[in-house]
4 protein chains.
Amino acid sequence: MSKNLLKVAVVGATGYAGCELIKILLRHPETEITSISAKVDRPEPISNIFPVFKGQIDLVCGELDIRAASKAADLIFLALPHKVSMEFAPKFLESGKKVIDLSADYRLSSVSEYEAWYGTKHTSAELLSSSVYGLPELYRKEIVKAKLLANPGCYPTASILGCAPLVEKSLVETDRIIIDAKSGVTGAGRTPSMGLHFPEANENLKAYKINQHQHMPEINQELSKLAGSKVGVTFTPHLVPMNRGILSTIYFTLKKEMETVEAIRIYKDFYKAEPFIRVLDENIFPETKNVYGTNFCDIGIKVTDKRAIVVTAIDNLWKGAASQAVQNMNIMQGYKETLGIL
Amino acid sequence: MSKNLLKVAVVGATGYAGCELIKILLRHPETEITSISAKVDRPEPISNIFPVFKGQIDLVCGELDIRAASKAADLIFLALPHKVSMEFAPKFLESGKKVIDLSADYRLSSVSEYEAWYGTKHTSAELLSSSVYGLPELYRKEIVKAKLLANPGCYPTASILGCAPLVEKSLVETDRIIIDAKSGVTGAGRTPSMGLHFPEANENLKAYKINQHQHMPEINQELSKLAGSKVGVTFTPHLVPMNRGILSTIYFTLKKEMETVEAIRIYKDFYKAEPFIRVLDENIFPETKNVYGTNFCDIGIKVTDKRAIVVTAIDNLWKGAASQAVQNMNIMQGYKETLGIL
Amino acid sequence: MSKNLLKVAVVGATGYAGCELIKILLRHPETEITSISAKVDRPEPISNIFPVFKGQIDLVCGELDIRAASKAADLIFLALPHKVSMEFAPKFLESGKKVIDLSADYRLSSVSEYEAWYGTKHTSAELLSSSVYGLPELYRKEIVKAKLLANPGCYPTASILGCAPLVEKSLVETDRIIIDAKSGVTGAGRTPSMGLHFPEANENLKAYKINQHQHMPEINQELSKLAGSKVGVTFTPHLVPMNRGILSTIYFTLKKEMETVEAIRIYKDFYKAEPFIRVLDENIFPETKNVYGTNFCDIGIKVTDKRAIVVTAIDNLWKGAASQAVQNMNIMQGYKETLGIL
Amino acid sequence: MSKNLLKVAVVGATGYAGCELIKILLRHPETEITSISAKVDRPEPISNIFPVFKGQIDLVCGELDIRAASKAADLIFLALPHKVSMEFAPKFLESGKKVIDLSADYRLSSVSEYEAWYGTKHTSAELLSSSVYGLPELYRKEIVKAKLLANPGCYPTASILGCAPLVEKSLVETDRIIIDAKSGVTGAGRTPSMGLHFPEANENLKAYKINQHQHMPEINQELSKLAGSKVGVTFTPHLVPMNRGILSTIYFTLKKEMETVEAIRIYKDFYKAEPFIRVLDENIFPETKNVYGTNFCDIGIKVTDKRAIVVTAIDNLWKGAASQAVQNMNIMQGYKETLGIL
């Protein structure tokens, strides 16, 4: 192609987010994947690791060579586990490359919060002040100028988008927000373990890490910013026997009574310019299948007495990871925001 | 067999609860199934309807003939939809038979609540005062003498058992109880419909009937009795892509601070004599697979600040329907309570 | 857009193939969907029927109005049940429109075969001689000129592509071909029924219509053409508890001994120009997840003694229906064959 | 209980077969589990490993102490991986204990076949001549006297029972038997691995170890005995996204033509005294859900031309492992054969 395509690298290509990222980038009209790497035993074509790519892309996936990747690409996607991203991000930034980090390493602005929740010292804390939290619905302006973009977690995306209108408008008691979140199993990653072994996870449902999930501080940080005061949610994640999707059921105590239609109007108004937020009409509620393989976040609302119940649905690997990263890339590069993901 | 077995009838045998009931009764050492009936196009062996029974039981399942069933059996299980049970229950009681009704028809003591939620006139309201709500953990003494037993719904069983200790001891704000319940698809019955069509329900997760589920008033009724004052919970049911199991995540606002271990002690104490309640130790939470095919209700508890989170798990078709009905039968008949279901 | 897009109509939009067809056409750079219709109770936006389309397409789906659809579109996709397609196809053809029919109505060249298998009179049998069987790997030249294209069934696509090289080269005993095919549940359509009710189909596996499936004559017709003599396969379809995917395990008796690598070479050679056929290397076998959401057919081969075992995988809704229809459209319109589906 | 119960040990209790074995033995009226052991990091209650057992059995599961287990129990179930069983079985036999081995170590009478397929030297080959292959439908008489019982594999049980009548009666060409078998994921064991990771196995279907599965020689051995001549089947196992169940679709070439009803009669006659074989009527075929949690093997048959298609279904963990082991125990101990498993 004679067209000038943006050269991108995918680091951490062997996880589920990496796989979806490659799928999306392959169809994106402005990008060309020029480098693929991951922690691997030995280099092999990415199409061996994910045979779906056979006949579509034949790049070899080897250990990351920062110098080579920097030379090959102008924008770097880090689809890495937390703690690993911060090893590489500073070096790519030094080479003048833009970085979109899908890990948690640059999402929290507080070093101590990061170190408490992730149990490790942050080795490039100086970057936290300039990294941009990549939720376009809240930070589009900052994203435009971002060099280091911290792509939000899947639970936080589903949770924050469901809370933002009511919290920002001070309509709810912020010490009483309860988020009951349910995720498909890809959310737990691609490393085999007993709890994710098919016969253990199939036909089973459980809560886990109750109020101890590492995505909580990220939710609290963003809601606190919106509220202008410290917010501490109750957060219970659950594991559901399906591959993809997050459904978040959020319970608010309203400061004053309100009709359901009024609450819906507030959400529709708040998100009126958003191409990927779909606020549903009264008595219609989200289902994860309706957002499968899309960058949409669907939101349904019901108010009863002073209780507001907001249900959100996203595809954890798309709006919760890969397609949101591409949405952020589109904004950072000045492309149409929906390009390649609608 | 020379032994004097209790003759039982299963009315409504073609649903999922009916099927499990037959399975349990076939292995029960004190019962003999003598009559099987259901709404059917034409009479046929129950082993045609549920081929699992081939070689185990060959009774024919035809339309209910009340006179014949009364003659054949001394205890009648009604595994019927609501509205249908109340057509038959009075007649069986008149014949001097004991009735265990798995429908909702005799669970609510208030006629007006029933008529509001089920949208129909109650045709034997005079029986409501003598029917016994069959949750053995709360009403064992009354069950002993019951002639008409109203077997609890699946959501109510999982919900009430998770709330009872804290509510009965007045430790929580009763106007702030939130029950986020998740159910496998058998909970929705055996009638095909678009939402339960395999490709629609598989790989999908949704909330439904938010604060409008017909099991809500049953929960409120029982919690109100325990609290000694009117309780109105927030109740959100969800449909999960698996066959069986209910997980209820219940959120309480405690009146005063408490440690998790203290809350666990309260639950263990409250249920100390109960053979089918398993209160889990700190940091262990229920999974539906651990109660699959059992009459157990597992309960896990976490307290943080003044928030108590209680998670319960049951098999919706067993403790939530069929095996609880047999537990009730055991109590009513003076058998060992665990007979045939442990 | 100023570009001249091909206007297409989707008739029968409420089934699974129709839904996927719309998804693909929405992203196709050369098409514009101008008409959507189906058997519906009342007209409503397609995004009500499939909420995934909210924010993507807002055409109303009403009953088919042939005149209006003919006016609105130049190419008509009929994603209809058999028997229904033949009511409409002739009329669209008369209006000078091209028709791609996803039903079985124009796949069999023998009227009597059709009438025997589908139990109904063929009402436009005169079109059978000019309809083209749309398997591009076998009939690309004919497809270029097709006015009425009969898009192959899902089982036939997976089966014929797995058989073609060995049958065409007369390497196998054609009276001994056994096709053991396994399909996800969308293959059975979107109409709820007891056997496809989630709790019945989930955690269950069964064979059905053994040697009586209506896709058999289509397989036999095509293999007979390739063999130059009458072929009658043994065909056993199975229903697998997953949404999408067909895996066909095909057993051949070879006329003479052959190594596995030799057989693989024959397949690679036969399909060497095909963009959507991926013949796998020795000891690698297809998995349906590797073709999910793609137009690929993966083929794995093992030979042992004089037995060749060929395994093929396709996505039943894509290569087995919607994306193959678009592949055919691309060929018929002179677009790049892979446009919008790779 | 004052009754003299048979004391049994379960060695290898942490696998799926071990778990089901404990479930069955707990309800068996003649047995008492006195010893539970497995390869574990540290001893812990079996109810920690399988929380379903909480409140039902509280034995500690530690590393096997042969002396202690021999003292505690009179019959030993070895639910171990192959190669491990043969370390322990000889020692239990020397202590005068009966052994029911669920591994493959004593199933093959040919040492060289064993060593070729399992890639290891057989360390107690001298026991092979006295071990009894525990398929009650074929070897009931020998089982009565067995000291060392080799419990059949899951695939062999489903396959041999589907072949026996036609093979024993010399009605089929024995060099042309094709077995296309499909198994739920518990058949692959309880050790996590990439291929069995939930998101990899869910919504996926694949063939594996085509004609190379270690259960093949066991099938060939038994069919050869029945045929009186060497039989070599074609055997393709598949992995299906469900927890339990095997469906085997078996293709025979008949020596002479036969009606379906005639074939069914042959099967019904062959198995007429068998309590756990259910030969289905014409046009009815097995489904795995009908045998879930049972010791039944369901068999459906269709004949067309000279092709017989026989479909069998078992629960791989019950008739394919644990309940068949108990059926064998019942026979060895002189109990009613169906005791505790019907």
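From a predicted model like this one, the values you see are computed outputs, not experimental measurements. Residue numbering note: each chain is counted from 1, following its sequence as written. Chains and ligands are labelled sequentially in the order written, the chains with letters from A and the ligands with numbers from 1. With pLDDT at 70 or above as the cut-off, local features in this predicted model cover only qualifying residues; side-chain atom pairs require 80 or more to be listed or tallied, and sums for whole chains, interfaces and linings still use all residues. Note: side-chain values were computed over all heavy atoms of the structure, leaving out hydrogens and water.

Visitor: Where do I start with the sheet that holds strand β3 (residues 44-45) of chain A in this structure?
Guide: Strand pairing in a sheet takes place through backbone hydrogen bonds and is either antiparallel or parallel in direction. Strands are labelled as partners when DSSP assigns at least two bridges between them. Starting at the N terminus, helices and strands are each numbered in turn, a helix being any DSSP run of H or I of at least four residues and a strand any DSSP run of E of at least two. Strands sit in the order β3-β4-β2-β1-β5-β6-β8-β7 (chain A) across an open sheet of eight strands; the sheet is mixed. Either end of the sheet is taken by a strand with one partner, and the two such strands are β3 and β7 (132-133) of chain A.

Visitor: What am I meant to see in the pattern of salt bridges here?
Guide: Working definition: two side chains of opposite charge can pair if their charged atoms are close together. By convention in these notes, a salt bridge is any Lys or Arg side-chain nitrogen within 4 Å of a carboxyl oxygen on Asp or Glu. What the rule picks out here adds up to 88 salt bridges over all chains. Residue A:K319 is joined to A:E137 by a salt bridge in which the shortest nitrogen-to-oxygen separation is 2.9 Å. Remark: A:E137 occurs in helix α6 (residues 136-144) and A:K319 occurs in the loop between β15 (307-314) and α11 (322-333); sequence separation between them is 182 residues. Of the residues examined, A:K319 reaches a relative accessible area of 0% and is grouped as buried. Through salt bridges with shared partners, a single network forms among A:R190, C:E287, C:K289, D:E200 and D:K206. Between buried and exposed lies partly exposed: a residue is buried under 20% and exposed over 50% of the maximum accessible area for its type, with that area taken using a 1.4 Å probe on protein chains only.

Visitor: Honestly, the packing of helix α7 (residues 154-168) of chain B against helix α10 (residues 260-270) of chain B in this entry has me stumped. Any pointers?
Guide: Packed helices, taken two at a time, are described by the angle their axes make and the gap between the axes. All names here are of chain B. It is at 10 Å that the axes of α7 and α10 come closest, and there the two elements cross at 105°. Classified by the interaxial angle, the pair formed by α7 and α10 is roughly perpendicular. The segment α7 lies against α10, with L161, G162, C163, A164, P165, L166 and E168 engaging I266, Y267 and F270. A fitted line through C-alpha atoms serves as each axis, taken over the contacting stretch for helices, and the angle formed by two N-to-C directions is quoted from 0 to 180°. Each angle is binned into one of four classes, with values under 35 degrees roughly parallel, values over 145 roughly antiparallel, values of 65 to 115 roughly perpendicular, and all other values oblique. Contact criterion: two residues are considered in contact whenever any of their non-hydrogen atoms come within 4.5 Å of each other.

Visitor: Is there a simple way to think about the domain arrangement of chain A in this case?
Guide: Residues and elements named next belong to chain A. Domain limits in this description derive from either an automatic procedure or a database domain assignment. Here chain A is partitioned into domain 1 (6-151 + 321-333) and domain 2 (154-314). Contacts between the two partners involve 22 residues from domain 1, matched on the other side by 29 residues from domain 2. Buried area: the accessible surface (1.4 Å probe) lost by two parts on joining, summed over both. Both sides together, the interface formed by domain 1 and domain 2 hides about 2,100 Å², and carbon and sulfur atoms give 53% of it. Together, Y16, W117 and E137 form the three largest contributors to the area buried by domain 1 at its contact with domain 2, with a combined 29%.

Visitor: Before we go on, may I ask you to explain the interface of chain B and chain A in this structure?
Guide: Where interface size is given, it is often the accessible area lost as the parts come together that is meant. Contacts between chain B and chain A engage 38 residues on the former and 38 residues on the latter. Both faces considered, chain B and chain A share a buried interface measuring about 3,400 Å² in area, 55% of it formed by carbon and sulfur atoms. Of all residues in chain B, B:E203, B:L205 and B:I210 give up the largest surface area on contact with chain A, accounting jointly for 19% of the area buried on that side. Taking the shortest distance from any N to any O, the salt bridge between B:K289 and A:E200 comes out at 2.8 Å. Here a polar contact is taken to be a pair of N or O atoms separated by no more than 3.5 Å, where protein atoms must pair a possible hydrogen donor with a possible acceptor and residues adjacent in sequence count only if both atoms sit in side chains. Connecting chain B to chain A are 26 residue pairs in polar contact (both at pLDDT 80 or more). At the level of elements, β9 (178-183), β10 (206-207), β11 (234-239), β12 (246-253), β14 (297-304) and β15 (307-314) of chain B are the ones that each hand at least two residues to the side of chain B that touches chain A. Gly falls in the polar group here, along with every residue not listed as nonpolar (Ala, Val, Leu, Ile, Met, Phe, Trp, Tyr, Cys, Pro) or charged (Asp, Glu, Lys, Arg). Its residues assigned to classes, the side of chain B that touches chain A shows 14 nonpolar, 11 polar and 13 charged.

Visitor: Whenever I open this one, the relation of the copies chain B and chain A confuses me. Can you help?
Guide: Turning one copy of the chain about an axis and sliding it along that axis gives the other copy, so a rotation and a shift relate them. Overlaying chain B with chain A gives an RMSD of 0.0 Å, the required rotation being 180° about an axis along which the chain moves by 0.0 Å. Such a combination of rotation and displacement between the chain copies is what one expects of a two-fold axis. Of the C-alpha atoms belonging to chain B, the one lying closest to the rotation axis is found on B:P241, 3.3 Å away. Comparing interface residues between copies, 100% of those in chain B also sit at the interface in chain A, which points to an isologous, same-surface contact. The copies were overlaid with a least-squares fit restricted to C-alpha atoms from residues scoring a pLDDT of at least 70 in each copy.

Visitor: How should I be thinking about the sheet that holds strand β3 (residues 44-45) of chain C in this particular structure?
Guide: Residues and elements named next belong to chain C. Spatially, the eight strands line up as an open sheet ordered β3-β4-β2-β1-β5-β6-β8-β7, and their pairing is mixed. What marks the edges here is a single partner per strand, and that holds for β3 and β7 (132-133). The pairing of strand β2 (residues 31-37) with strand β4 (residues 60-62) spans two bridges and is classified as parallel. Bridge pairing in β4 links I36 to C61.

Visitor: Explain the environment of B:G232 to me, please; I cannot follow it from the model alone.
Guide: Structurally, B:G232 is set in the loop between α9 (216-227) and β11. With residues near it in sequence (within four places) discarded, B:G232 still touches B:T174 and B:N220.

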